Amino acid sequence: MSTSAVSAASASALSPLAHLTRHERLDHFYIDGQWQRPQGSDRVAVISPATEERVCEIALGSAADVDLAVQAARRAFPAWAATSPLERAALLGRVHALLVERTELFAQALTLEMGAPITYARTAHVPLAAEHLRVARDNLADYPFIRPRGTTAIVREPIGVCALITPWNWPIYQITAKVGPALAAGCTVVLKPSELSPLSALLFAEIVHEAGVPAGVFNLVNGSGAEVGAAMSSHPQVDMISITGSTRAGVLVAQAAAVTVKRVAQELGGKSPNVVLPDADLERAIPPGVAAAFRNMGQSCSAPTRLIVPRVALDRVHELALATIAQMKVGDPTDAATTHGPLANRTQFLRVQQMIEAGLQDGARLLAGGPGRPDGLEQGYYARPTIFSEVHTDMVIAQEEIFGPVLAILPYDTVEEAIAIANDTVYGLGAHVQGSDKDQVRAVAARIQSGQVHLNYPAWDPQAPFGGYKQSGNGREYGVEGMEEYMEVKSILGYYA
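The rules behind the values
Residues numbered from 1 in each chain as written. Predicted model: local features only at pLDDT ≥ 70, side-chain atom pairs only at ≥ 80, totals over all residues. Heavy atoms only, no water. Helix = DSSP H or I, 4+ residues; strand = E, 2+ residues; numbered from the N terminus. Rg over C-alpha atoms; globule rule 2.2 N^0.38 Å. Buried < 20%, exposed > 50% of the residue type's maximum accessible area, 1.4 Å probe, protein only. Contact = heavy atoms within 4.5 Å. Areas by Shrake-Rupley, 256 points an atom, 1.4 Å probe, with all protein chains shown as cover. Lys, Arg positive; Asp, Glu negative; His and termini not counted. Charge placed at Lys NZ, Arg CZ, Asp CG, Glu CD. Axes fitted to C-alpha atoms, helices over the stretch in contact; angles between N-to-C directions. Parallel < 35°, antiparallel > 145°, perpendicular 65-115°, else oblique. Nonpolar A, V, L, I, M, F, W, Y, C, P; charged D, E, K, R; others polar. Pairing = 2+ DSSP bridges. Right-handed = clockwise from strand over helix to strand, strands pointing away.

Draft legend 1. Quick peek at the overall build of the protein. Looking only at helices and strands, one finds 17 helices and 20 strands in the protein. Against the 2.2 N^0.38 benchmark of 23 Å for 497 residues, the protein shows a C-alpha radius of gyration of 23 Å, consistent with a compact globule. Based on the C-alpha atoms only, the size of the protein along its principal axes is roughly 65 × 60 × 45 Å. Each of the 497 residues in the protein was classed as buried or not, and the buried ones make up 57%. For the protein, restricting intrachain contacts to residue pairs at least 6 apart in sequence, the fraction spanning at least 24 positions comes to 72%. Within the structure as shown, the protein displays about 18900 Å² of accessible surface, and the carbon and sulfur contribution to it stands at 53%. In the protein, 39 positive and 50 negative side-chain charges are present, and the distance between their average locations comes to 4 Å.

Now the structure itself:
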């Protein structure tokens, strides 16, 4: 067995907390190719959402730590940008292989830090994260960085130093969705993961180091949005900032970045519609739609949490929706049989409770769930999978992003009304359309104001660009377009003369 294989095997035998503590990573940031202590002494507790107990503390960074990381990334940029696509692809391949090799270690970290059920972490969170690295690697194989247009060369070049801010709900998935294409494009990066779910990010920094990423190309600084996020956004040596988070956070980042006129890519909130057309097979349309709304305990910005259905089919829709959530098992995320764990943190738990109460106050019909924890779960940030029906589009639960296990069923009488309901939102991130007539399904999809539309529950496509209309953000992630987000376009006239 190779040395790296022995290292991976021994790492996998440890719990994430023990693994990190052994290497003293909780008190360090990864800057300029090495683990460094922060400039200050601020710390924050990482809380288990399943038990509400403190599991460890991590160091919090400051503007001084950000500056060290940015300067390291700036120094590393010329050499990294000059590497060949094949060199960058080989390195991304090594990072991908290490992530796949340590799937169990990452899955345990996710369960500990944000309550992902262990089975879901093993089968979704980590494998899908690995796919972003594979796609970034594979897209380099034949990407034309120089394209002729007449006698002019259209050249795409790396934009420079990129600051990346990732959220707590899909921690490692969102890290690889940004780091992979940024490195593929030839950029250097400074990553700020969420301080609420930082363990998988520290593990990722370890595999980046082990894969041999040159010093300064990848840097990690933990910290709050108000301190580290703001310092990254306003730093004059940062050329681009990419954030996945709330619309409120995206606005703050854009305002801070405006002073230095840097590029800002934002993947923000959503209130995604799922339009079930009159000719849809309800047995095929409703159960997957309900399951999709509740995936990751509803903590997905593109979750289809507005189920828009024909009024005449409402009774059957109710039956199928109730039967679907009856199969869900909410409980201990370390239990392999659990399908849905706790919400990721206390703030989100309180938010979900508030929104359920708002649905009741607005007069929506409660079909299942409601306020409070599920029976038998007295501690932890557990919420009851909740379904409201006969929801009107002007109700709070139809307009505001809840980010929890709450589904709103909105009935319609005509297809025109269904499309109007789907578009009656400030968001436009994801959408779904179900129906038997392919031409009608495509026609409806064309009229929905959303960056991504899924027709009849297709397989996930890591090459499909992902991003939002309206207040869901700007820019795109995933696939070739995700890599191009980290590039500048240069025209060289006379190049082919």
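Here the narrative resumes, following the displayed structure.
Draft legend 2. Representation of unusual backbone geometry within the structure. We note that Val 261 has phi near 50°; this positive angle belongs to a residue other than glycine. Here Val 261 lies in the loop between helix 10 (247–258) and strand 11 (263–267). Assessed through its relative accessible area of 72%, Val 261 is described here as exposed. The phi dihedral of Tyr 457 is positive, around 50°, even though this residue is not glycine. Relative to the assigned elements, Tyr 457 resides in the loop between strand 18 (452–455) and strand 19 (473–474). A relative accessible area of 22% places Tyr 457 in the partly exposed class.

Draft legend 3. Highlighting the packing of helix 5 (residues 103–114) against helix 8 (residues 199–211). At a minimum axis distance of 8 Å, the contact between helix 5 and helix 8 shows a crossing angle of 155°. When the axes of helix 5 and helix 8 are compared, the pair comes out roughly antiparallel. Contacts between helix 5 and helix 8 involve Leu 105, Phe 106, Ala 109, Leu 110, Leu 112 and Glu 113 from the former and Leu 199, Ser 200, Leu 203, Phe 204 and Ile 207 from the latter. When grouped by side-chain class, the residues that make up the contact of helix 5 with helix 8 number 9 nonpolar, 1 polar and 1 charged.

Draft legend 4. Focus on the pairing of strand 18. Relative to strand 18, strand 17 (residues 430–434) runs parallel, the two sharing 4 bridges. Paired with His 432 across the bridge in strand 18 is His 454. In the classification by handedness, the crossover that spans strand 17, the intervening helix 16 (residues 438–447) and the parallel strand 18 is right-handed.

Draft legend 5. Representation of the sheet that holds strand 14 (residues 365–368) in the model. In spatial order, the strands read 14-15-16-13-12-17-18; together these 7 strands make up an open sheet with mixed pairing. What marks the edges here is a single partner per strand, and that holds for strand 14 and strand 18. Shown here is a sheet whose adjacent strand axes are inclined to one another by a mean of 20°, direction ignored. Looking at chain direction, strand 12 (residues 273–276) and strand 17 are connected through 3 bridges and run parallel. Counted as the bridge partner of Val 275 is Val 433 from strand 17. Packed on one face of the sheet, helix 12 (residues 314–326) meets strand 13 (306–310), strand 14, strand 15 (386–389) and strand 16 (406–412) and runs near 40° to strand 14.

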